[in-house]
Amino acid sequence: MHDDLLSIEHLTASFRIGDRYYAAVDDVSLTVRKNEILAIVGESGSGKSALAFSIMGLHTRAKIEGDVRLDGQSLTRLPPSKMNKLRGRDMGMIFQDSLSALNPLMIVGSQIEEALVLHRPGLSKKERKEKTIELLTQVGIAGPELAYEKFPHELSGGMRQRIVIAIAIANEPRLLIADEPTTALDVTIQLQILDLIRKLKSDIGAGVILITHDLGVVAEMADRVAVMYAGQIVEIASLSTLLSNPQHPYTRSLLRSIPASREPKSKLYVIQGIVPSLQHLPRQGCRFRSRIPWIDESAHEEQPEMHEIAPGHFVRCTCYKHFRFPGEEEIRHGAS
Amino acid sequence: MLKLSTNKASPQARPRQPADKSPSGLSIVWREIVQDKIALVSFILVAAVTLFVYVTSLLLDQDQIVRVDLFALKQPPSSEFLLGTDQGGRDIFGQLIIGTRNSLTIAIVVTLLTGIIGVLVGLVSGYFGGTIDNLLMRVVDFFMILPFLMVVIAFITAVPNYGITAFTLIMTAFLWLGIAKLIRSKALQEREMEYVQASRTSGSSHLKIMFVQVLPNLSSIIIVTMTLNLAANIGLESGLSFLGFGFPESTPSLGTLVSYARNPQTLEMRWWIWLPASILILVLMLCINNVGQAVKRAADARQRKG
């Protein structure tokens, strides 16, 4: 499709543990369009951040296979110097922990300016400062001149996250990757930051990859959602489809585990077990198998593949057809 | 960048500055030194000695001082020779000044050189890790297993024009190792910090991250190590000179002055030859160490007094 900003094809990022390679991101294919927010959801350790780092080309010790294309330009085969030019200019990244993502010994002003120095050498010192103040205003910091001179530890968490965002959008990137941008913040600030990201997205028309484990954030922000489990994408659909008609057992379990404030003290659904670590991933079959042991083995595919069950709605493995929660009697079927 | 400005303009004088501007690195160090009376006295002493030695040595003629004067051998302190003369009739006071200057210069140059080499090697090694780290650390290990004293002795015997430059180089060749190891271990920690990754996402090159991002974060540890090394290097130079592997007699240093005490007669009867230099070494090393401890505390917020 011509309006695909980013297309990832069969991306695999493997890390060496001992003398073997283990794939933390396994055969991931997805696309991000312009002016679209794609949310990637999953538990801790499901490979969300590894995927983000692979797209940015930040893994120095990983073996990367497959292809990442930004506006048709392949990133995986780009030499490091070209990649450096692209990072920060065409793609920006927002980090989870703003305190550690900022250099503690640099005033925030010069940290924002750094992105400008690297990609806009034409700007004079004065213009750079003006642009930085403008960026600070843009991300909603009151008193930008004051904030310019501050060190990261002198700012509050919400302010710091705004600085991190200002750095990421300094050069109006076409692709913005937000790696759990609100996890370290409290709820009131969360909303402001999310609003800010959404506003910036439409201002600069960027494609956004929003990585999170918070389904509330997803419901608030995303246009489309990809659910990741153990390095693979298990389900991908538009937001409304995914919320109203989730198919993969993992997606359904995730949605069921959201604590609901309306029903206090009701027992929370817990997915059994944990995400298997890289070394203990099953080589064959459905990776979610071990966490839904009450489902018959024959329900799973031997080599689970993505099935398009409705236009734009993909689900991995056939186990979704036979999945029910414990205590749930009737078996739900396919897309309705 | 670490701000090292000593701008103490009050908020009233510059109303546009926020009143709660964080203190700069140097002002924290200074506050710590002032809080610690011993460190303050030490600092003043070191500064005074250094200043006095460098200024007066400009007025003294080294050739004249080290010239043998047969009419003034082994004289006790008098109004003509403030600290007497040695067995060559040379003025001890003049030698003390020139010697202190030489010792200090050597110590400072060696500290700076070892600092630069050590920080560079350590930073590259720690930041990149992997094969580069392995390679550089094996070089460090190689130098470390060489017996320092023996190599110095062999070097001095082998080199024909043995002087300040040669001495500085041989000291430097061995003393950067510790700093390199220290900086490497810190850089290994630092490169895992998220701000390093964050800086890469805005497109910074490795070189830029290394020197603009990581290096300032190691500055406190570098300053502390260098200060403490300075004291150690004065001691080391004196020690080598005392053993006879320091400077030639024509180049007085604190160590050469003390080494005259190897002669039992001098040791017993002519204290003015070796005692002032010994005291000066003691005072300098102690004082620099005291200042170094204060700087060390300043570098770690938990240990600060002020």
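Here the structure is a predicted model, which is why all the values come from computation and not from measurement.

> Tell me about the sheet that holds strand 3 (residues 37-41) of chain A, residues and numbers included.
Residues and elements named next belong to chain A. The mixed open sheet is built from eight strands, whose spatial order is 6-7-8-3-9-10-12-11. Every interior strand has two partners, whereas the edge strands, strand 6 (91-94) and strand 11 (306-310), have only one. Taken over all neighbouring pairs, the strand axes of this sheet differ in orientation by 20° on average, direction set aside. As defined by bridge partners, strand 9 (residues 224-229) adjoins strand 10 (residues 232-238) across six bridges and the pair is classed as antiparallel. For Met228, the partnering residue across the bridge sits in strand 10 and is Ile233.

> So what's going on with the environment of Phe142(B)? Which residues, and what values?
Counting through the fold element by element, Phe142(B) comes out in helix 5 (residues 130-145). Note: C-alpha distance between Phe142(B) and Leu177(B) (35 residues apart in sequence) is 10.0 Å.

> Outline the UniProt feature "transmembrane region" (unreviewed entry) in chain B, listing residues and values.
Residues and elements named next belong to chain B. The feature "transmembrane region" (unreviewed entry), as given by UniProt, occupies residues 38-60, 104-128, 135-156, 162-183, 209-232 and 271-292 in the numbering adopted here. Structurally, residues 104-128 is divided into 100% helix and 0% strand, and its ends, taken at the C-alpha atoms, are 35 Å apart. For residues 209-232, the end-to-end C-alpha separation is 32 Å, with 100% helix and 0% strand making up the annotated structure.

> Please give an account of helix 5 of chain B that cites residues and values.
Taking 1.5 Å of rise per residue, the 16 residues of helix 5 of chain B would be expected to cover 22 Å, and the 22 Å separating its terminal C-alpha atoms lies within 8% of that figure. Judged by how many residues are buried, helix 5 of chain B sits mostly at the surface: zero of 16 residues are covered.

> Account for the sheet that holds strand 5 (residues 73-74) of chain A, with residues named and values stated.
Strand pairing in a sheet relies on backbone hydrogen bonds, with the paired strands running either antiparallel or parallel. All names here are of chain A. Across the sheet, four strands lie side by side as 2-1-4-5; this open sheet has antiparallel pairing. The sheet is open, and its two edges are formed by strand 2 (20-33) and strand 5, each paired on a single side. Where strand 1 (residues 4-17) meets strand 4 (residues 63-70), seven bridges bridge the pair, whose relative direction is antiparallel. By the bridge assignment, Ala13 is partnered in strand 4 with Ile64. Each of strand 1, strand 2 and strand 4 touches helix 1 (residues 48-56); the most contacted strand, strand 2, lies at about 75° to it.

> Describe the interface of chain A and chain B, listing the residues and the values that go with them.
Tallying the contact residues gives 27 residues for chain A and 19 residues for chain B. Considering each element in turn, the side of chain A that touches chain B owes the most residues, four residues, to helix 4 (residues 108-119) of chain A. Considering only residue class, the side of chain A that touches chain B consists of 14 nonpolar, six polar and seven charged.

> Quick rundown of the pairing of strand 4 of chain A? Include the residues and the values.
Residues and elements named next belong to chain A. Across two bridges, the pairing between strand 4 and strand 5 is antiparallel. The residue bridging Leu70 from the neighbouring strand is Gln73, located in strand 5. Two successive antiparallel strands, strand 4 and strand 5, enclose a turn made up of two residues, where Asp71 displays a positive phi of approximately 50°.

> Report on the pairing of strand 12 (residues 313-316) of chain A, specifying residues and quantitative values.
Residue and element names in this part refer to chain A. Here two bridges tie strand 10 to strand 12, and the two strands are oriented antiparallel to one another. Pairing of Glu235 across the sheet is with Val315, part of strand 12. One ladder, built from four bridges, connects strand 11 with strand 12; its direction is antiparallel. Residue pairing in the sheet places Met306 in a bridge with Arg316 of strand 12. Between strand 11 and strand 12, which pair antiparallel in sequence order, lie two residues; one of them, Gly312, sits at a positive phi of approximately 80°.

> Kindly report on the nonpolar core, identifying the contributing residues and their values.
In a soluble, globular protein the nonpolar side chains are often hidden away together inside. Core analysis: the largest hydrophobic core is formed by 162 residues, its most contacted members being Ala39(A), Ala166(A), Ile177(A), Ile209(A) and Leu210(A). Among residues more than four places away in sequence, those in contact with Ile177(A) are Ala52(A), Ile55(A), Met56(A), Met91(A), Met93(A) and Ile209(A).

> Could you give me a rundown of the environment of Gly72(A), with the residues and numbers involved?
As for its position among the elements, Gly72(A) is in the loop between strand 4 and strand 5. The sequence separation of Gly72(A) and Ser7(A) amounts to 65 residues, and the corresponding C-alpha distance is 8.0 Å.

> Can you tell me about helix 9 (residues 206-242) of chain B, naming the residues and giving the values?
Here helix 9 of chain B spans only 46 Å end to end across 37 residues, well under the 54 Å set by a 1.5 Å rise per residue. The positive-phi residue at the C-terminal boundary of helix 9 of chain B is Gly244(B), with phi of around 95°.

> Please give an account of the UniProt feature "domain: ABC transporter" (unreviewed entry) in chain A that cites residues and values.
Annotation from UniProt places "domain: ABC transporter" (unreviewed entry) at residues 6-255 of chain A. As annotated, residues 6-255 of chain A comprises 41% helix and 28% strand, and the C-alpha atoms at either end are separated by 27 Å.

> Describe the confidence of the model for chain B, and please don't skip the residues or the numbers.
Residues and elements named next belong to chain B. Per-residue pLDDT for chain B averages 81, and the proportion of residues at 70 or more is 88%. Across chain B, the element-wise mean pLDDT spans from 70 in helix 3 (residues 62-65) up to 92 in helix 5. Reported confidence for the predicted complex is 0.74 by ipTM and 0.76 by pTM.

Rules behind the numbers
Residues numbered from 1 in each chain as written. Chains lettered and ligands numbered in written order. Predicted model: local features only at pLDDT ≥ 70, side-chain atom pairs only at ≥ 80, totals over all residues. Pairing = 2+ DSSP bridges. Helix = DSSP H or I, 4+ residues; strand = E, 2+ residues; numbered from the N terminus. Axes fitted to C-alpha atoms, helices over the stretch in contact; angles between N-to-C directions. UniProt positions renumbered as here; feature names shortened; annotations may be inferred. Expected span 1.5 Å × (residues − 1). Buried ≥ 20, exposed ≤ 12 C-beta atoms within 10 Å, placed from the backbone. Contact = placed C-beta atoms within 7 Å. Nonpolar A, V, L, I, M, F, W, Y, C, P; charged D, E, K, R; others polar. Core = buried A, V, L, I, M, F, W, Y, C linked by C-beta atoms within 7 Å. pLDDT = per-residue confidence, 0-100.

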